[in-house]
Amino acid sequence: MGTAEVTAEADEAAALMRSAREALLDTAARMRTDEAGLADLAIPTDAKGDFAPPLESEIPDGPYGESIRRGREIFLNPGSNAAEYVGNSMACANCHLDAGRRADAAPMWAAAVSYPAWRGKNEMINTMEDRIRGCFTYSMNAAASPAGTPPPSGDAIYKDLEAYFHWLATGAPNGVELPGAGYPVPEKPEAGYDRTRGAEVFEAKCAVCHGDDGQGQQDQTGRYVFPPLWGPDSYNWGAGMHRVNTAAGFIFANMPLGQPFSLTPQEAWDVAAYINSHERPADPRQPQQGLSVAEADEKYHNHPGYYGDEVDGEVIGAGVTGDPTLTPAATGTVIPQR
Ligand code: HEC
Ligand code: HEC
């Protein structure tokens, strides 16, 4: 296809989404006057039938739009825009692809309409702020950040991220689990999962970008172009991604980058096992509560994973820390302080 055709197709898709959104707003208005029922609900969808979030060009003007834009910049580049609370080299968008827009990559439009929600992880109703705090604590390894904690309650970082997610969900019904939410975990294969088989998948299909040693690749400014998969700059042992099942779902639907759903479920589980059988930063609950790795394993790690297991003759889970002077400079767009 030529560029003109691609542009025309994209324009057409955008126009379709816009008219679907207009139809939805119209339906909502009619619902308020009781002329139509829920069945008439028009929900903006893309060509695949997944929910279609609004386009960046549709971000409104004014304070709401400014908050949305700040939230988007934090999401893309927390190492610069929420630097106080980030203890590794990850960005939210590394695991929630396309700036949180991509279906099957735990998209933020699906999250926005499903909180507050009960979470088994901490056995209570979680607000969106609580849920974001979770990703700062574990996925962003806040314990190793300058502040040593996730952003404090009510911080503008949460407010801006929430504004961004709320806007992404424009036109989505509340309290409904939308198709494309979360990561689609393929059923665990009958042969189980095997890190040795996973090492072969890794070498053949992942190392080209993430490096033979899984440490990713940085450009000359120190910015990661391909994020690390284990080691001190990666997500910690408490993060959802360290679970073999969760990583298998993410990988199955999203990796290798640009070739979604190209691995077999077996390959996805095996390679998820391989990457998650390496050391990474400690599960912060373990040192904070004065637990041994074995105790933390018993208390918090009742799921598929290698925490506290013996791998190549060594028990893993105690965690690794980086040399703080080697932390790569955070780069990218820095949003102005408010
Ligand atoms: C063409 C390059 C490329 C290949 C090949 C590739 N990835 Fe990735 N991967 C990326 C990029 C880039 C990101 C971050 C996505 C973003 O920020 O948009 C990523 C993100 C990830 C993440 C989440 C972030 C993190 O660092 O933990 C995991 C896990 C992952 N990849 C695993 C894999 C596995 C397993 C394979 C092989 C089956 C693979 N990748 C192949 C480029 C690649
Ligand atoms: C290392 C990967 C990773 C990084 C980095 C990451 N997350 Fe997550 N996030 C996850 C995983 C895994 C889940 C759980 C998804 C699931 O199991 O369906 C999740 C879930 C979420 C959810 C709930 C989604 C839902 O549908 O319930 C929100 C909100 C969220 N993350 C926000 C963030 C924000 C904000 C950041 C950056 C500050 C961030 N995440 C960074 C891996 C990551």
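Residues numbered from 1 in each chain as written. Chains lettered and ligands numbered in written order. Predicted model: local features only at pLDDT ≥ 70, side-chain atom pairs only at ≥ 80, totals over all residues.

In the nomenclature of an unreviewed UniProt entry, the protein chain corresponds to Cytochrome c domain-containing protein from the organism Limimaricola cinnabarinus.

Student: Requested: an account of the overall build of the protein chain, with residues and values cited.
Tutor: Tallying secondary structure elements over the protein chain gives 14 helices and six strands in all. Taken over C-alpha atoms, the radius of gyration comes to 21 Å for the protein chain, in line with the 20 Å a tight globule of 338 residues would show. Reported as C-alpha extents along the three principal axes, the dimensions of the protein chain are approximately 70 × 45 × 45 Å. Across the 338 residues that make up the protein chain, the buried fraction comes to 43%. Nonlocal contacts in the protein chain, meaning residues at least 24 apart in sequence, comprise 69% of its contacts between residues at least 6 apart. (Helix = DSSP H or I, 4+ residues; strand = E, 2+ residues; numbered from the N terminus. Rg over C-alpha atoms; globule rule 2.2 N^0.38 Å. Buried ≥ 20, exposed ≤ 12 C-beta atoms within 10 Å, placed from the backbone. Contact = placed C-beta atoms within 7 Å.)

Student: Give me the lowdown on the packing of helix α2 (residues 62-76) against helix α8 (residues 156-168), citing residues and values where you can.
Tutor: Packing of α2 against α8 brings their axes to within 7 Å, and their N-to-C directions diverge by 105°. In terms of orientation, α2 and α8 fall into the roughly perpendicular class. From α2, Y64, S67, I68, R70, G71, R72, I74 and F75 reach across to α8, where they touch I157, K159, D160, L161, A163, Y164 and W167. Of the residues assigned to the contact of α2 with α8, the class counts are nine nonpolar, two polar and four charged. (Axes fitted to C-alpha atoms, helices over the stretch in contact; angles between N-to-C directions. Parallel < 35°, antiparallel > 145°, perpendicular 65-115°, else oblique. Nonpolar A, V, L, I, M, F, W, Y, C, P; charged D, E, K, R; others polar.)

Student: Quick rundown of the site of ligand 2? Include the residues and the values.
Tutor: The environment of ligand 2 is made up of 26 residues, and the closest members are C92, C95, C135, G182 and G240. Elements supplying a minimum of two residues to the shell around ligand 2: α4 (92-95), α6 (108-112) and α7 (128-139). Split by residue class, the shell around ligand 2 holds 18 nonpolar, seven polar and one charged. Here the shell around ligand 2 spans two domains, and each of domain 1 (60-182) and domain 2 (195-324) adds at least three residues to it. (Near = placed C-beta within 6 Å. Domains from an automatic or database assignment.)

Student: Tell me what's going on with helix α14 (residues 293-300), and back it up with residues and numbers.
Tutor: Among the residues of α14, V293, A296 and D297 are the ones counted as buried. Take α14 and look down its axis: the buried residues cluster within an arc of 105°, on one side only. Within α14, the exposed residues directed more than 90 degrees away from the buried face are A294 and E298. The inward-facing, buried residues of α14 abut α13 (285-288) and β6 (314-315). (Arc of directions from axis to C-beta.)

Student: How would you explain the domain arrangement of the protein chain if you had to name every residue and give the values?
Tutor: We note that the domain assignment places domain 1 (60-182) and domain 2 (195-324) within the protein chain. On a C-alpha basis, the centres of domain 1 and domain 2 stand 21 Å from each other. With 14 residues of domain 1 in contact, the opposing surface of domain 2 contributes 16 residues. Elements supplying a minimum of two residues to the side of domain 1 that touches domain 2: α4 and α7. Tallying contributions element by element places α7 first for the side of domain 1 that touches domain 2, with three residues.

Student: Could you give an account of the site of ligand 1, naming the residues involved and the relevant values?
Tutor: Not every one of the 27 residues close to ligand 1 is listed here, only the nearest: C206, C209, P227, M255 and P256. Those elements that provide at least two residues to the shell around ligand 1 are α4, α9 (195-205), α10 (207-210), α11 (244-254) and α12 (265-275). Residues of the shell around ligand 1, tallied by class, amount to 22 nonpolar, four polar and one charged. A domain-level breakdown of the shell around ligand 1 finds at least three residues from each of domain 1 (60-182) and domain 2 (195-324).

Student: So what's going on with the nonpolar core? Residues and values would help.
Tutor: Judged by nonpolar contacts, the single largest core of 67 residues is most densely connected at A248, I251, V271 and A272. Secondary-structure elements contributing two or more residues to this core are α2, α4, α6, α7, α8, α9, α11 and α12. Ranked by residue count, the leading element in this core is α8, at eight residues. Two domains share this core, each providing at least three of its residues, namely domain 1 (60-182) and domain 2 (195-324). (Core = buried A, V, L, I, M, F, W, Y, C linked by C-beta atoms within 7 Å.)

Student: Talk me through the UniProt feature "domain: Cytochrome c" (unreviewed entry) in the protein chain; I want residue IDs and the actual numbers.
Tutor: Under the local residue numbering, the UniProt record ascribes the feature "domain: Cytochrome c" (unreviewed entry) to residues 66-172 and 193-279. The span residues 66-172 shows a helical share of 50% and a strand share of 6%, and its end C-alpha atoms are spaced 22 Å apart. (UniProt positions renumbered as here; feature names shortened; annotations may be inferred.)

Student: Describe the packing of α9 against α12, naming the residues involved and giving the relevant values.
Tutor: At a closest axis distance of 7 Å, the pairing of α9 and α12 adopts a crossing angle of 100°. Between α9 and α12, the angle is such that the two are roughly perpendicular. When α9 is examined against α12, the residues R195, R197, G198, A199, V201 and F202 are found in contact with a partner set consisting of E267, D270, V271, A273, Y274 and I275. Considered class by class, the residues forming the contact of α9 with α12 number seven nonpolar, one polar and four charged.

Student: Explain α9 to me, using residue names and the numbers behind them.
Tutor: Structurally, the α-helix is built with 3.6 residues per turn, so residues lying three or four positions apart point the same way. Residues R195, G198, V201 and F202 constitute the buried set of α9. Buried residues of α9 fall within an arc of 105° about the axis and therefore sit on the same side. Turned more than 90 degrees away from the buried face of α9 sit T196 and A204, all of them exposed. Each element contacted by the buried residues of α9 is listed here: α10 and α12.

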